[in-house]
Amino acid sequence: MNKGECAASAVKGKTPVEVAAPAKGRAPSSASAGGTGSSGAKESLFERVPDSARLAWPDIAAILSGVVSSLSKLMGGGIVAFYAGCQLGGVAMAITFALSFVLTYLVGKITFREGLPNNVASRLYIFGTKGSAVGSLIWIFLLVGVLAVGTVQLGNAILYAFGWDATWERWALFVGISCVWIFMALFGTKVIARMNAAFVVALFCVMGYVVYLIAANGQMGDALTHGVMIPGVEVGQGFAYGVNYAIMTSGLLALFAADFTRYARKESDLAPIAGVGSLFAVITYLFGALITYFGFSQAVEYFSAQGYDATGAAHAAITNPGISLVLAAGGVGLAIICLSQMKVETSNSIGGANAVTNLFDSLFGVKLSWPVAVVIANAIGLAFILGNILDQVNAFMSFGSILTISWCMLLITDYYIVRGPLKIGSRGVPLASVEIVNWRGVVTLAVTSVVNMVLYSAGIVSVPFLTTAPMTVALYLVLSLVFKTRVRENEKARLEKFA
């Protein structure tokens with residue numbers, strides 16, 4: 001396929017497997033506002049990624065590997081293993097790998113073909129222009145919430161390690177850490193990819209040392225075979241909790257990865273990108289389970305001395321991996337924390353800034369400069385911390401997983417089914433011709449999410465994915481089929497208007 005054929009096929013919906021030229025309406029620009037820096041240039045979020053900014057798949061895989069090998073994932077490994085036990089925890093990890101791979105691959109293919117990040121690509125397929133503000137708000141709350149939680153986990157470990165307890169020291173540390181995330185996010189995608197690759201290697205070397213300590217202390221057998229460790233939790237109940245916790249970040253990973261899969265050089269790169277990212281998530285869970293077990297007894301003693309009961313102390317021990325690591329491994333534990341967070345929070349800043357940029361553009365038509373968007377995203381995270389609402393953010397993460405799974409399933413259903421065999425709408429249309437609000441997508445997301453949040457809260461459904469995914473697909477298909485004539489006529493009129 002030559003360059004002219006590539007560009008034409010992107011417009012007509014016959015998307016290319018290799019990117020050699022921009023699609024209609026998405027010409028590359030090296031100086032557009034609202035993009036991520038790369039090699040001194042900026043790629044606009046609202047224009048197709050230029051060839052000069054394309055990355056080899058190992059670079060993109062390094063970014064995903066850096067994100068999933070985080071302190072929160074280490075914590076997740078401890079939670080799954082301690083609630084489900086090692087054997088059933090392994091089953092939960094296998095489910096997580098399969099689901100993360102499929103969602104990351106299918107959603108990533110959409111943003112690669114469009115050359116747009118997930119928030120902007122979602123304008124084309126499920127939300128519409130102003131409707132995409134819904135996705136941006138969800139993304140800001142979840143991703144910036146994760147950014148804030150990671151900042152606190154890192155900050156608490158540093159505060160504990162150095163014995164700082166004054167309020168001003170705490171605030172100054174969190175502000176300083178946020179400034180570091182802002183500074184690092186301005187380096188550009190290629191630099192961040194190289195940095196992540198180096199930090200991932202260093203992180204797993206340090207974690208390997210802790211695993212060596214576990215083996216040297218004769219704890220490896222118990223660390224790999226223990227059952228449920230949380231007092232009062234039954235095996236079935238613990239497995240359901242562990243599975244739900246393990247898979248609840250699969251949608252988040254797929255949508256996050258979609259911001260970077262648009263930089264891939266060819267479509268065949270998406271499988272190894274999705275595979276490596278999903279594999280490193282599982283490996284990090286495994287390391288987290290081992291490391292949490294290594295420091296568990298000391299952490300329980302520490303939190304028991306703080307007034308927690310047995311269950312509360314056990315839960316606190318596995319949900320505060322920073323303190324647990326410092327208690328168990330001293331300076332090595334602190335090194336793990338710093339290495340894990342430096343790479344992941346930089347990428348979270350980028351993802352959060354992308355959502356902020358799309359929010360301002362979709363609602364107000366304002367295209368923020370990249371530094372301003374990064375500062376706003378981190379300022380929101382800092383407000384979460386200083387406003388002391390991280391407990392609410394953490395509590396919302398389970399519900400947030402329902403939103404992100406529904407979002408992923410909407411993209412997949414609209415792109416591969418509704419606009420595919422059913423021909424209800426076209427693929428690859430110019431952004432200017434997109435409808436203001438795609439009510440089918442917004443209504444489906446709202447109804448599906450509310451229903452499944454109620455079912456989950458009431459204890460009727462313990463693993464919301466099992467009902468969220470099929471309900472999303474079914475409702476969106478029904479609405480699309482009912483309104484297919486109107487959808488086709490309205491799209492034809494918009495395309496003629498903007499031709």
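Residues numbered from 1 in each chain as written. Predicted model: local features only at pLDDT ≥ 70, side-chain atom pairs only at ≥ 80, totals over all residues. Heavy atoms only, no water.

Let's shift gears to the overall build of the protein. Helix and strand content of the protein: 19 helices and 2 strands. What you see for the protein is a C-alpha radius of gyration of 22 Å, in line with the 23 Å of a compact globule of 499 residues. Taking the principal axes of the C-alpha coordinates as reference, the protein spans close to 70 × 50 × 40 Å. Taking all 499 residues of the protein together, the buried fraction comes to 59%. For the protein, the share of sequence-separated contacts (at least 6 apart) that also reach a separation of at least 24 residues comes to 81%. (Helix = DSSP H or I, 4+ residues; strand = E, 2+ residues; numbered from the N terminus. Rg over C-alpha atoms; globule rule 2.2 N^0.38 Å. Buried < 20%, exposed > 50% of the residue type's maximum accessible area, 1.4 Å probe, protein only. Contact = heavy atoms within 4.5 Å.)

Two side chains carrying opposite charge are able to pair once their charged atoms lie near each other. Using the criterion set out here, one finds 8 salt bridges in the structure. In this structure, Asp-59 and Arg-194 form a salt bridge, with 2.7 Å as the shortest nitrogen-oxygen distance. Placement of Asp-59 in helix H2 (residues 57–68) and of Arg-194 in helix H8 (residues 189–216) is noted, with a sequence separation of 135 residues between them. A salt bridge links Lys-367 to Asp-361; its shortest N-O distance comes to 2.9 Å. Owing to a relative accessible area of 10%, Asp-361 belongs among the buried residues under this scheme. The network of salt bridges with shared partners includes Lys-109, Arg-113 and Glu-267. (Salt bridge = Lys/Arg side-chain N within 4 Å of Asp/Glu carboxyl O.)

The subject of this paragraph is the packing of aromatic side chains. This structure, assessed with the given rule, holds 20 aromatic pairs. Centre to centre, the rings of Phe-101 and Tyr-105 are 6.2 Å apart; their planes meet at 5 degrees, and the pair counts as stacked. One end of the pair, Phe-101, and the other, Tyr-105, are both in helix H4 (residues 86–114), 4 residues apart, so they sit about a helical turn from each other. Phe-101 gets classed as partly exposed once you look at its relative accessible area, which sits at 27%. The aromatic ring of Tyr-415 is capped on one face by Arg-427, whose charged end is 4.4 Å from the ring centroid. (Phe/Tyr/Trp six-rings, centres within 6.5 Å; stacked < 30°, edge-to-face > 60°. Lys NZ or Arg CZ within 6 Å of the ring centre and 35° of its normal.)

Turning our attention to helix H17 (residues 439–457). The terminal C-alpha atoms of H17 lie 26 Å apart, and with 19 residues this matches the ideal 27 Å at 1.5 Å per residue to within 8%. Of the residues making up H17, those classed as buried are Arg-440, Gly-441, Val-442, Thr-444, Leu-445, Thr-448, Ser-449, Asn-452 and Met-453. The residue sitting at the N-terminus of H17 and contributing the capping side-chain oxygen is Asn-438; that oxygen lies 3.1 Å from the backbone nitrogen of Arg-440. Positive phi appears at Gly-459, one or two residues downstream of H17, with a value of about 80 degrees. (Expected span 1.5 Å × (residues − 1). Polar contact = N/O pair within 3.5 Å; in protein donor to acceptor, adjacent residues only side chain to side chain.)

Looking at the second largest pocket, its volume works out to about 370 Å³. Lining the second largest pocket are 23 residues, with Glu-435, Asn-438, Trp-439, Arg-440 and Val-487 positioned closest to its centre. Looking at the lining of the second largest pocket, the elements with two or more residues in it are helix H5 (118–127), H17 and helix H19 (484–497). Of the residues that constitute the lining of the second largest pocket, the class distribution is 12 nonpolar, 4 polar and 7 charged. (1 Å grid on protein atoms, 1.4 Å probe; cavity = no way out; pocket = protein on both sides within 12 Å on 5 of 7 lines; lining within 4 Å. Points joined across faces, edges and corners; volume = space filled by probe spheres on them. Nonpolar A, V, L, I, M, F, W, Y, C, P; charged D, E, K, R; others polar.)

Attention now goes to the side chain of Arg-262. As for its placement among the helices and strands, Arg-262 is situated in the loop between helix H11 (250–261) and helix H12 (270–305). Residue classification places Arg-262 among the buried positions, given a relative accessible area of 1%. Polar side-chain contacts of Arg-262 include one of 3.4 Å to the backbone oxygen of Asp-259. Within polar-contact distance, the side chain of Arg-262 engages the side chain of Tyr-263 at 3.2 Å.

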